[in-house]
Amino acid sequence: MYDVSRRQLMRVGLGVAGASLISGRVTPAHAQTQTLALYNGQHRPPVEALVAAFTAATGIAVVSRNGNSAQLASQLIEEGANSPADVFWSEESPSLAAIDEKGLLAPLDAETLKQIPAAYAAKSGAWIGAGARCRVVVYNKEMIELSALPKTVLDFAGEAWADKVAFAPNSGAFQQQVVAVSLMKGRDAALAWLKGLRQYGQVYNSDSAAVEAVEGGDIAVALSNNYYWHALEKELGPDSMNSALYHIGNQDPGTLITVSGAGVLKSSKQSEAAQRFVAFMVSAEGQAAIVGAIAEYPLRPGVVSPFPMKPFDQLDPAPVTPADLGDAADALALLREADLA
Amino acid sequence: MTRSSGDRDGASRRDAGGPPVSRLLVALALIPTALIALPIVYVLLRSWGAGWEGILAELGRRRTLMLLGNTVTLCLSVTFTCCLIGFAAAWCTERSDLPGRRIWRVLCCLPLAMPAFVASFAWKSLGPAFQGMPGAILILSMESFPLIFLPVAAALRSMDPGMEEVSRSLGKGPWQTFLRVTLPRTIPALGGGALLVAAHMLSEFGALSLLRVQTFTTAIFQQYELQFDNASAAVLSALLMLLCLPVAFGEMWLRRGVRFSKVGRNTARRIAPARLGRAAPLVTLGFVVVALLALGVPFGRLLYWLVKGVSAGRGLEAIGPALYGSLSLALPGTVVTTVIALPLVLLVLRSRGVFARFADRLPYVVHGLPGLVVALALVYLSIRLLPSVYQTRVVLFAAYAILFLPLAQSAIRASAELVPREIEEVARTLGRSPLRAFLSVTLPALAPGLGAALALVALELMRELTATLILAPTGVVTLATEVWSHTNDSAYAAAAPFAALLVLISGVPVYIFTLRMLKSVPERQISEATT
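## Comments concerning the interface of chain B and chain A
1) Next: Chain B puts 53 residues into the contact, and the matching count from chain A is 50 residues.
2) Next: Along the lines of polarity and charge, the residues of the side of chain B that touches chain A split into 27 nonpolar, 18 polar and eight charged.

Below is the structure:
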């Protein structure tokens, strides 16, 4: 009796397994309407806001495969010409630049590229920025005075800042910052800066982990993207924040503008709809949807962010554009030479 | 106990035309072996892309040495700590007169339900003191020791007390009896558990990245963040597999030639418990501390986030789909993994041949690989060889099997080793066909092990993140992907319900697993099945 019921159980289990194997791909209920496959590495709130607006405006459905931008880029490279993806939306532009170099991206419509300043799109025209962020310094107000913070991000790599600075060498934006330092101050200066940070700074796995460490009082200062701090502020409430943002300005690489962005896969079989999606991202409606959900600066003139960010025209950022940064490939070589990777 | 090392399959040779079961078994064992070979081939192909010079340069770096040091330190320290805590807890709850043994037994299993990244997140928020290597060793030991506790407790429980009584009656003291009789009989259980813990540590990513400890696995993830077409990540992966080799074969060496099967009805008799006497309060205190560290801190933090935080309630509409996603991937994935593992275990128990041993060990070598590497290997291979199955469950289940076969193997083997081969042979001589003899005699006897395997694999699959993100059908979400997504946006309160549900759901396989492991008197079931 014992074993009969067990065998039945096992049969049922095998049946379930078999059925689910066969059922395979998820077929959307609205099979007739067009559905785009979006590989999404960007934070989800702005993507969900944009997708909702896009579907409402065009009737085209979008299914997102969410993941980490760099991992999705690796996946797209492994998939090659057979990729099921139509659009890739990346949290950082170097992931887009990397797959562009592999010849996986199709050129964007000229009309789309015209919607925003050329500095925020690829020189090849294969990807375009969706929102801008800036590199900032997050500091714990109880551990350090605003006036004690340096006038250039390069100073953080010195003994005076030993064990006080959190940074995330894994983060795509940090890698872009490294390349910016290299472009502006020379490769040797960038290497010296990284070696100094390795010696005196504290490595964190991500910008958000570094920002939380500052907020929690573990460490005084973090190099980060602005929106991680804004997300934490939103979560904890503005009145209870122990940390604040410091914008270095002075056209220093410590205030670097980077973008999240998107491109259309060359292998897409729905390239017209995919192009429409990317065009919608930089439309007035699309930009409003994006910046309403994440503390990024709109790239399209005339759109306003609801977040209390320092005005874009007052940032006085480094004179290096996302297009200049490309795939930030030299960052890896520099990080390896400094033994940070 | 019988010590049998040679080939004793005389009965099966009696059939004309050789042993049909064995041939079928070998064929079935080829399936997992072929699957496991996929990531190995991929890693070797990609490493080759670096060229000899690249490989040597990677090996000679100071950083590689640092990673090696960290990886080995973490792996050995956590495994050793888990062995100590797990064994001590098992002995106290099974062999002593500790008050409240039943409750402690349950509490010692519950940490299994807590994913390491949730626990690490909770600890991390207590302060920087818990980050870094010492913190990681503490936290991961607290979450992993049940993997030792459970098999050792089960082994102690199913052990024939007669041996210990004989030893005592021959004038050996309690310590000598423990060292000469009790301990050697728990070695296979202890070794099997230690192997799983060690392999887990080699492939752990989420917890370590939160706790800021750099190992080969975190470095492999970093490589994929920094560069996209990656030879040095492949070289690190190959190194990681080399590190798994001594782990995988060390455990086999520990259990060389040992079989603890018994023929005949086991006595349900329990040995008289050891008296703790005045040590009882101290031992109890130890259990309280372990429970607080392993359960109190993570659960407390989860509750805190559930009630605090502005993002509370955000994305709650995804709870249904996420729960469905988790179950619809984890449950069939579990069945597939367990079914695939079964022939491997049976084969190595019946044949001492090179292929059997090799096939049995290979999954353990791959178990140390990060999910990311296995997932990318399957992307690369499936889209080229079988594009129609790409991003269907077929490929995802293959990845699950590759990643978690050893969990199923260990659990099934624990039961399979207790089944005397003679029983199946008896059924055969009574005229049953090999397949029927297997189905009616061996399979039912394996039920406890299969149950444990299903529970253990389900547990891991529900919290699996990387392979699921990369290989699941587009649009499918699970509890684990939602937790990851929300914490990625610093929306901890939004993540908390998903994490809590994940822990709650994980409680079910933990409960089943615990019940299975601690209930085992398989001999009785065999005799029932054969009558």
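Now that the structure has been shown, we can carry on.
## Notes on the packing of helix α18 (residues 421-429) of chain B against helix α19 (residues 434-463) of chain B
Residues and elements named next belong to chain B.
1) Next: Contact geometry for α18 and α19: axes closest at 9 Å, N-to-C directions at 130 degrees. By the angle between their axes, α18 is oblique relative to α19. As α18 runs across α19, the sense of the crossing is right-handed. Contact residues: I423, E424, A427 and R428 in α18; P434, A437, F438, S440, V441 and T442 in α19.
2) Next: Among the residues forming the contact of α18 with α19, the class breakdown is six nonpolar, two polar and two charged.

## With respect to the packing of helix α15 (residues 354-367) of chain B against helix α17 (residues 393-416) of chain B
Residues and elements named next belong to chain B.
1) Next: Where α15 contacts α17, the two axes come as close as 8 Å, and the packing angle between them is 125 degrees. In terms of axis orientation, α15 runs oblique to α17. The two elements α15 and α17 cross, and the hand of that crossing is left-handed. Where α15 abuts α17, its residues P363, Y364, V366 and H367 lie against I402, L405, P406 and Q409.

## Observations concerning helix α21 (residues 479-488) of chain B
Residue and element names in this part refer to chain B.
1) Next: Most of α21 is tucked away: nine of the ten residues are buried.
2) Next: For α21, the complete set of buried residues consists of L479, A480, T481, E482, V483, W484, S485, H486 and T487.
3) Next: Downstream of α21 by a residue or two, S490 has a phi angle that is positive, lying close to 60 degrees.

## Re the domain arrangement of chain A
All names here are of chain A.
1) Next: On domain assignment, one finds that chain A holds domain 1 (35-132 + 259-311) and domain 2 (133-256 + 329-337).
2) Next: In this structure, domain 1 and domain 2 have C-alpha centres spaced 26 Å apart.
3) Next: Each partner contributes to the interface: domain 1 provides 14 residues, whereas domain 2 provides nine residues.
4) Next: Going through the elements one at a time, α3 (69-79), α4 (93-101) and β5 (127-140) are the ones with two or more residues in the side of domain 1 that touches domain 2.

## Quick look at the environment of L243 of chain B
All names here are of chain B.
1) Next: Tracing the sequence through the fold places L243 in helix α12 (residues 231-254).
2) Next: Overall, the presence of 19 C-beta atoms within 10 Å leaves L243 in the partly exposed class.
3) Next: Sequence spacing of L243 and L150 is 93 residues, and the spatial spacing of their C-alpha atoms is 26 Å.

About the thresholds
- Residues numbered from 1 in each chain as written.
- Chains lettered and ligands numbered in written order.
- Predicted model: local features only at pLDDT ≥ 70, side-chain atom pairs only at ≥ 80, totals over all residues.
- Contact = placed C-beta atoms within 7 Å.
- Nonpolar A, V, L, I, M, F, W, Y, C, P; charged D, E, K, R; others polar.
- Axes fitted to C-alpha atoms, helices over the stretch in contact; angles between N-to-C directions.
- Helix = DSSP H or I, 4+ residues; strand = E, 2+ residues; numbered from the N terminus.
- Parallel < 35°, antiparallel > 145°, perpendicular 65-115°, else oblique.
- Left-handed = near helix turned anticlockwise from the far one by under 90°.
- Buried ≥ 20, exposed ≤ 12 C-beta atoms within 10 Å, placed from the backbone.
- Domains from an automatic or database assignment.

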